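# Analysis of the macromolecular model
Given next are the chains, with one letter for each unit.
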Amino acid sequence: MKEILFLTPEDSGPGFALTGVRQQTMNQDQALDKIQLAFADPEIGVIAVDNRLLEKIDPVRLRELTERWPGVLVTLPAPAGRLAPPVDELQRLVQRVLGYHVRLQQ
């Protein structure tokens, strides 16, 4: 069975790790390297990334990487007071799960 990995900012501390799942804390500058290492790990099937870690990563580059990876990359919304993920990120996830493009309206 594949594992779930949570990638969170350093201010999140051991929150997810307390539930028994794998968690790695990092800063935004480390995020892309950590995501690429997780993609290479055959034990990981789902990666949940705090949306704040993705702010410095080129969305096109991230999409290219996730399209080649057989697992699922999920973005976690930032804590209260932060912006929600953009609609196109939600559309990408829905398209990946369903296999076709679904138009989302607000």
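Residues numbered from 1 in each chain as written. Predicted model: local features only at pLDDT ≥ 70, side-chain atom pairs only at ≥ 80, totals over all residues. Heavy atoms only, no water.

### A few points about the confidence of the model for the protein
Parts of the prediction with low pLDDT should not have their coordinates interpreted in detail. Definition in use: Per-residue confidence from the predictor is given as pLDDT, running between 0 and 100. Runs of H or I in DSSP of at least four residues are treated as helices and runs of E of at least two as strands, each being numbered from the N terminus.
Predicted confidence across the protein gives a mean pLDDT of 80, with 70% of residues reaching 70 or more. The least confident element of the protein, judged by mean pLDDT, is helix H3 (residues 87-98) at 63; the most confident is helix H1 (residues 28-40) at 95.

### Structural notes on the pattern of salt bridges
Where we set the bar: Take a side-chain nitrogen of Lys or Arg and a carboxyl oxygen of Asp or Glu: if they are within 4 Å of each other, that pair is a salt bridge. We call a residue buried when its accessible area falls under 20% of the maximum for its residue type, exposed when it is over 50%, and partly exposed in between, using a 1.4 Å probe and counting protein chains only.
The final tally for this structure, using the stated rule, is 5 salt bridges. A salt bridge links Asp41 to Arg22; its shortest N-O distance comes to 3.3 Å. Of the two residues, Asp41 sits in the loop between H1 and strand S3 (44-50) while Arg22 sits in strand S2 (residues 22-26), which places them 19 residues apart along the sequence. Relative accessible area serves as the criterion here: at 21%, Asp41 is assigned to the partly exposed category. Residues Asp29 and Lys56 are paired through a salt bridge, measuring 3.2 Å at the closest nitrogen-oxygen approach.

### What to know about the nonpolar core
A general trend in soluble globular proteins is that nonpolar side chains are found buried together. Applied cut-off: Here the nonpolar core consists of buried residues drawn from Ala, Val, Leu, Ile, Met, Phe, Trp, Tyr and Cys, with membership extended through side-chain atoms lying within 4.5 Å. Residue contacts follow a heavy-atom distance rule, with two residues in contact if any of their heavy atoms lie within 4.5 Å.
Counting 17 residues, the largest nonpolar core has Leu7, Ile35, Ile47 and Val49 as the members making the most contacts within it. Taken together, the elements giving at least two residues each to this core come down to strand S1 (3-9), H1, S3 and helix H2 (59-68). The leading source of residues in this core is H1, at 4 residues. Residues in contact with Val49, not counting those within four places in the same chain, are Leu7, Ile35, Leu54, Leu73, Val74, Thr75 and Leu76.

### Looking at the packing of aromatic side chains
What counts, and what does not: Classification of ring pairs rests on two measures: the distance between centres of Phe, Tyr or Trp rings, Trp counted by its six-membered ring, which must be within 6.5 Å, and the angle between planes, read as stacked under 30 degrees, edge-to-face over 60 and tilted in between.
Tallying each qualifying case throughout the model produces 1 aromatic pair. An angle of 25° between the planes, with centres 4.5 Å apart, marks the rings of Phe39 and Trp69 as stacked. Highlighted residues: Phe39 in helix H1 and Trp69 in the loop between H2 and strand S4 (72-76), separated in sequence by 30 residues.

### Some words on the packing of H1 against H2
Spelled out, the test is: Interaxial angles span 0 to 180 degrees and are taken between N-to-C directions of axes, which are lines fitted to C-alpha atoms, for helices over the stretch in contact. With respect to orientation, any angle under 35 degrees is reported as roughly parallel, any angle over 145 as roughly antiparallel, any angle of 65 to 115 as roughly perpendicular, and every other angle as oblique.
Following both chains from N to C, one finds H1 and H2 inclined at 10°, their axes separated by 11 Å at the closest point. Between H1 and H2, the angle falls in the class roughly parallel. Touching Leu32, Ile35, Gln36 and Phe39 of H1 are Arg61, Leu62, Leu65 and Thr66, all from H2.

### A word on H2
Note that an α-helix has 3.6 residues per turn; residues three or four places apart therefore point the same way. For clarity, the cut-off: Note: the arc covers the axis-to-C-beta directions of the helix.
Burial in H2 covers these residues: Leu62, Leu65 and Thr66. The buried side chains of H2 occupy one side of the element, clustering within an arc of 95° when seen end-on. Every exposed residue of H2 that faces more than 90 degrees away from the buried side is listed here: Glu67 and Arg68.

### A closer look at the pairing of S4
Counted only if it meets this: Between any two strands, at least two bridges found by DSSP are needed for them to pair. Here the term right-handed applies to a crossover when the path leading from its first strand over the helix to its second strand runs clockwise, the strands being oriented away from the viewer.
Every second residue of S4 is oriented toward a common face, the buried set being Leu73 and Thr75 and the non-buried set Val72, Val74 and Leu76. As paired strands, S3 and S4 are joined by 5 bridges and run parallel to one another. Its bridge partner being in S4, Val49 is matched across the sheet by Thr75. The handedness of the S3 to S4 crossover, carried by H2, is right-handed.

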